[in-house]
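Listed below are the residues making up each chain.
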Amino acid sequence: MNKYVSFRLYMGLGLAVLIVLAVATVTFTSLNDQEEDNRWIHHTVEVLQKVRDIRYDVVQMRGGRRTFWFTGSEHFIEGYERGRATVPANIVILKELVSDNPLQTANVNNLNASLSTLLAFWEGSGKIALSTPRDRISRLIFEEEKLLQKVYAQFETVKSEEQRLLSIREEAVNKSNNVTITVVVIGIIVLLLVVLVLVNAVVSTLKSRIRAGNKLKQSLDDMEALNKLAEDKNWVLSGVAEITNGIQSIDGKSDLSKDIIDSVVAYMELPAGAIYLYEEETETLQMMAAVAVSSQAGIAFKKGEGIVGSAALKREMSIFRDIPFDYWRIESALGKTSGKGEIVCVCLWVAESLKGVIELGSLNPFTERQLQLLESVRGTLAASIHTRQSRIKINQLLEQVQEQQEAMISQQEELRQTNEELNKQTQELLASEEELKTQEEELKQINTELVEKNDIVEEARRALTVKARELEATSKYKSEFLANMSHELRTPLNSVLILAKLLSDNTPGNLNNKQIEYAKIIHKSGSDLLQLINDILDLSKIEAGKIEILPEQMRIDSVVTDISQLFSVVASEKGIRYTIDTDSSLPATIFTDKQRVEQILKNLLSNAFKFTPAGGAVTVSFAPRHQFNKQRIGISVTDTGIGISPAQQQLIFEAFQQADGSTSRQYGGTGLGLSISKELVRLLGGEIELSSEEGKGSSFTLILPYTYEAPPPSATDSLRDEITVSDKPVSLENVTEQDKVEDDRGQVQKGDPTILIIEDDANFATILKDFARAKGFKTLVALKGDEGLLYARNYLPDAIILDVQLPVIDGWSLLKILKADEALKNIPVHIISAFDDNRLHTAGALAYIKKPVDREGLEKAFSTINTYLVEHLRKVLIISSAHFKDDSLEKLFRQKHPETMFEQVADIAEARKKINESSFDCVIADVDSNIAEGVRRLSEIQDELREKQIPLIIYLDTDISAADELMLKKVSDAIVRESPFVNDRLKDELELFLFKLQANEPVKETKHITPSAHKPINDGSLSGKKVLVVDDDMRNVFALSNLLESQEMQVTAAADGREALEALKTNKDIDIVLMDIMMPEMDGYEAMTRIRKDMHLEHLPIIALTAKAMSGDREKCIAAGASDYITKPVDTQKLLSLMRVWLSA
Amino acid sequence: MSSWQFDDRAAIEDILRVVARHYGYDFSGYAYASLVRRINRFAQETRCGSLYDLKYRLLNDEHSFRHFLAEITVNVTEMFRDPLYYRVLREKVLPVLASYPIIKIWHAGCSSGEEVFSMCILLQEYGLLERTQLHATDINPANLDKARKGILPLRSMREYTANYQQSGGNQEFADYYTAMYDHAIIHGELRKKILFSQHNLVSDQAFQEFQLISCRNVLIYFNRDLQNRVLNLFNESLSPLGFLSLGMKESVRFSDISGTFGEVQTGTKIYRRKN
């Protein structure tokens, strides 16, 4: 359209110009013609004038002649004379004028001829004078007249010819004028038409332009509105991303609340904000972090209290507009301000639980997009708070479990130690028993000896009792071990008991009463011991939770019958009144464990009978003991025995405590009964009450609920279950290998550059595959995430191209798995995906391109991969002629790290050349049995290695001394000895040097010497002195050597005491010795003693270095002969000072 | 039987302070619950009826203190304890150690030496003993004296034999010791590479660079802070890629160095330095 218009415009304008040019040309030509014509007209007029002049002259001459005639006056002849002069001249001029026209020339010539004739007439024959006769005159006149007529006719001819020419020329001028006018008029008319057309076209174009302009403006407005919308959306989205990023601190140690409020306030550019976390216990919202909040602002709100508290009751955001002026304050060092503005409270919920509230203040009204951002981000924030809280909780629980486990093991060990001792005692007892048995045969002869032996047994028994008490003391800590040991414990005791019983039965009848009594004592003691062990086992079982409560409907009357029967005999034997009362309001049965109840009652009763003297009374009464709305039974056992003092009442239920240390000796028993009872009652859900008065008796009341309720499973049990729930590993068992895209799975050879494409779109995968192949890669294609992982593991490709949306395992997860896998994490992963996700930046991918991808994109991706592969190629140089003949090491290493290259050279010269030529990341060199020579050889390339920071691994196949090792360590970073799995070790070391330490981080230097804050100054005082460093810790020797050499000292090293003595023998001029203490062969103490005593070097300063810091160590060193003493890690400044002191003397 | 018990933290701390000042042994980093039990046991054994008695005895009777030291530090040990652990040592650790020209091993808290003897037997069987230097340290000199003798009760040998066999040993276990009366003495050849020295993990420093540090069932008696200190000490004393073995219920997990170590085989508590 536009083109057409402008074409038309240009056409019209062109036409107009042409027309103007044409008219101008025509006009110009006609003007030129007219000028020419005018010139000619003028010429004609001139000719006519000249003709007229000549004629006048001729007329004048005739007139003069005639007048003269008539008058005879000479005066008149003058006119004639004048004409005679002028006429010929004028004729010449006239001839000149008409020379262009042949006709006129001819006419003028005729005229001239006629005139000449006339003039000649007048001159000759026509001479007149006064004297001339008349007739003659008449004739003359006649003749004259004839000639004159001829001249006049000639004049007329010339004249008419000129006039004809004049009229022709005038007509030509007129004609040309007419033509010009016509042309100009027509030209102007045409021009006007063209202009009209043009104006019309321009006007219509302009009109449509204006219309289009208006339309454009309209759509621009629309676009702007859309942009604004998109910008808002973008703002919200990047806000979500930014805030999410801001709170994603990996270590979990930073303050999440602070991170949240900081990032929210920073992103939304708000002046102030605060975050409150909800504490469930107290139901309060506690302010955890705030930005620019006045210190007067509240720090905690109850739920529903204040605007924060009430906001927490709601699920939506609460906006408070129109808050009064001065409602809130912002503070900074520069001042504070208050304002109107608005407040928003965002409550954070995860499912049904409130996590916290974020309160934000703005001096301006909150915009829609700000609110939108808050709405979109609050779920994430709540979840991250929840996650962080959960993580902290889990970590605490895990730590608790670890502590409990440790405590359990230490308890087990302690118990085991005790138990071992007990076992030892049992063994001793057995041995004694053995002796006793032997003695039995000789009993009669060596009666006195028997007594003695019996004493030993008694002694042993006593020791046993003591040990048994020790067992009580420690076994309250439940031990599964002890429970399991019951059999082993009882077996030997059983034999003791059986043998003692046999003895006391005295079946052969060869023992006297005394001896029988002794044997009975043995039996009794043994039984006590067994009882003790049983009690301990019971207690430990209860405490270990190994006792099960088996509740049943227990008939109260059957219990009464049982205990009545059990103790009635004892009662009558001891002469104690024994009564049992039952309250009639009790139910017939209660639901509890009858066996345990009776066990407790038996224990209480046996105590009661034990401590009640003859004539006393023991009463058991069954009565209800309800508490609040809980129905309970109370069973009291009351005696009139010795009673228990109030202080001791606290103790008797504790395991291994009795009312009085002497009680057991008087009354026997283990004292565990009450502890067991207490534990059992606890298990039954009841309690024991005690009231007692010393000297008057005691009353124990067993209180049990009518109905036993099993306790809920303990927290630790459920905890254990929780812990076992861990990340489910990805199963690669049932991966189906794709067959849709043909790839190189079968054809990958070792060393082939291989690329793995994980892409669910088979078509795009094919494209990538072809591309990769064209780039010279062998290609594997996986269409699913798990399949990709499988191939990655199986083929260890050089690079991976990864899609994000994948079946089974998505790309992000897969990337995470790959990066977490030791074997796979070094493979570069290039992501090609339709997603745009900022998680990428932390995810560890090599690069990222977005779908759709064009060829350039693919080129770029592959060149990125290639660059990476080239840059990450690691090169290892092996210097060896004897070893590494096969490439097993290379094979092993490249299996895991295909980006590695190995080169091998046979000698050092070649190696040096190689190292100078190209860059290596590690050098492995072998050293044969001649260590010194090997070290010398290797030191030739030391400078190169140091300069390029290439680590050196030394490989050797012989045993070496500590001194050799020291030498080797000086030039190398690791020493590897030939051994069956040496390649594995080499692999580990190579990995360490090639990959783990690549970030310019040296192997963590441990602190053997602590450098002082300032670099030690070399004041020259130690310069030239010889020092012997004796230490088997190589690292320490190096550190010290460096330090001392910086002081210009001459350092000799020895790895142990023996070497130190050798060194002192050969170097008589050693000035000072630094002596480590813990060394093999000969330790520092002995070395120092020998130096002082055997070598008589009493005045040689020896400074002992020791890792030990305990108080006695110093004295020990000095006693052994040390001059002074310094602890490791060595403080350099202190050591140097010490050495200066000892060397200045 | 004593009728009282120390369970008051101030009292316990008082005793520990006295011991630390007088003898240089600092037990303040020991696990509190265990410490209370040990001290009470000692008090009961020695019939110290009061805090004052206990302090008096500890300060004035060095022999009593030696006894106290032995009681406080639990010395339960056996040869080839946890056979699985030794099996993994055989299969996974010794092959790596074999590639060091001089192998350095530290048994921290060696008690009466049973574990370090076991280690020597393994090394002997793999032909590595000759080029190994073993340091065995303990806080208690009495234990070291006992360990230096290499004498064990004969009755334990049956159990140790079973342990040995379960750990993958296929030699004649009896060839490693000579039985005499009711004792067995571990052959001197096996013990000659062991250097026994006193070393207190609480206060003393690193003294060598080792490829393997074994400290089993010692950390359970320490509280978290002390465990952390000791683990850092071990980390400093290990060569790159060195091994650290702990007791079955111990872990580096809650310490500073947890990131630096990886477990060689899950559940055996043999860790390896990653760099």
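Going along each chain's sequence as written, the residues are numbered from 1 onward. Labels are handed out in written order, letters beginning with A for the chains and numbers beginning with 1 for the ligands. Side-chain atom pairs in this predicted model are given and counted only at pLDDT of 80 or more, local residue features only at pLDDT of at least 70, and totals for whole chains, interfaces and linings cover all residues. To get the side-chain values, take all heavy atoms of the structure and skip hydrogens and water.

Caption draft 1: Structural context of a negative patch on the surface. Without a salt bridge and with relative accessible area above 30%, a residue can belong to a patch; like charges are then joined within 9 Å and nonpolar side chains (Val, Leu, Ile, Met, Phe, Trp, Tyr) within 5 Å. Residue-level accessible areas treat just the shown protein chains as cover; the underlying method is Shrake-Rupley with a 1.4 Å probe. Any carboxyl oxygen of Asp or Glu within 4 Å of a side-chain nitrogen of Lys or Arg constitutes a salt bridge here. Note on charges: Lys and Arg go in the positive column, Asp and Glu in the negative column, and His and the chain ends are not counted at all. Note on charges: their place is set at NZ of Lys, CZ of Arg, CG of Asp or CD of Glu. Taken together, the side chains of Glu279(A), Glu280(A), Glu281(A) and Glu283(A) present a region of like negative charge at the surface. In this text, helices come from DSSP runs of H or I with a minimum length of four residues, and strands from runs of E with a minimum of two, each type numbered from the N-terminal end. Tracing the backbone through its elements, the reader meets Glu283(A) in the loop between strand S1 (272-279) and strand S2 (284-291).

Caption draft 2: Structural view of the interface of chain A and chain B. Contact definition: two residues touch when any of their heavy atoms are within 4.5 Å. Between chain A and chain B, the contact holds 71 residues from the first and 67 residues from the second. Each partner contributes to the roughly 6100 Å² buried at the junction of chain A and chain B, and carbon and sulfur atoms together form 51% of this total. Here the buried area means the combined drop in accessible surface, using a 1.4 Å probe, for two parts upon being joined, counting both sides. Considering only the side of chain A, the residues that lose the most area to chain B are Glu413(A), Met1078(A) and Met1110(A), jointly responsible for 12% of the buried surface there. Our count for the chain A to chain B interface comes out at 13 salt bridges. Among the ionic pairs, Arg1035(A) bridges to Glu209(B), the shortest N-O distance being 3.9 Å. Think of a polar contact as two N or O atoms within 3.5 Å of one another; within protein, one of them needs to be a possible hydrogen donor and the other a possible acceptor, and neighboring residues in sequence only count if both atoms come from side chains. Counting across the interface, chain A meets chain B through 23 residue pairs in polar contact (both at pLDDT 80 or more). Taken together, the elements giving at least two residues each to the side of chain A that touches chain B come down to helix H7 (368-441), helix H8 (447-475), helix H26 (962-971), strand S25 (974-977), helix H27 (982-996) and helix H28 (1034-1046) of chain A. The greatest single-element share of the side of chain A that touches chain B, amounting to 18 residues, is contributed by H7(A). Charged means Asp, Glu, Lys or Arg here, nonpolar means Ala, Val, Leu, Ile, Met, Phe, Trp, Tyr, Cys or Pro, and polar covers whatever is left, Gly included. Along the lines of polarity and charge, the residues of the side of chain A that touches chain B split into 26 nonpolar, 15 polar and 30 charged.

Caption draft 3: Layout of the side chain of Arg1092(A). Residues and elements named next belong to chain A. Of note, Arg1092 is situated in helix H30 (residues 1084-1093). Residue burial is assigned from relative accessible area. The probe radius is 1.4 Å, only protein chains are included, and a residue is buried under 20% of its type maximum, exposed over 50%, and partly exposed in between. Comment: no salt bridge for buried Arg1092; closest opposite-charge side chain is Glu1098, at 7.3 Å. Within the structure, Arg1092 has its side chain in polar contact with the backbone oxygen of Gly1121 (distance 2.8 Å). Here Arg1092 is in contact with Leu1097, Glu1098, His1099, Leu1100, Ile1102, Gly1121, Ala1122 and Ser1123, once residues within four sequence places are set aside.

Caption draft 4: Representation of the pairing of strand S12 (residues 617-624) of chain A. Residue and element names in this part refer to chain A. Any two strands with at least two DSSP-identified bridges between them are counted as paired. Sheet analysis places strand S10 (residues 577-582) next to S12, joined by six bridges and oriented parallel. Residue pairing across strands places Thr582 opposite Phe622, the latter belonging to S12. As defined by bridge partners, S12 adjoins strand S13 (residues 632-639) across seven bridges and the pair is classed as antiparallel. Paired with Phe622 across the strands is Ile635, a residue of S13.

By themselves, these observations are geometric and do not establish any function.
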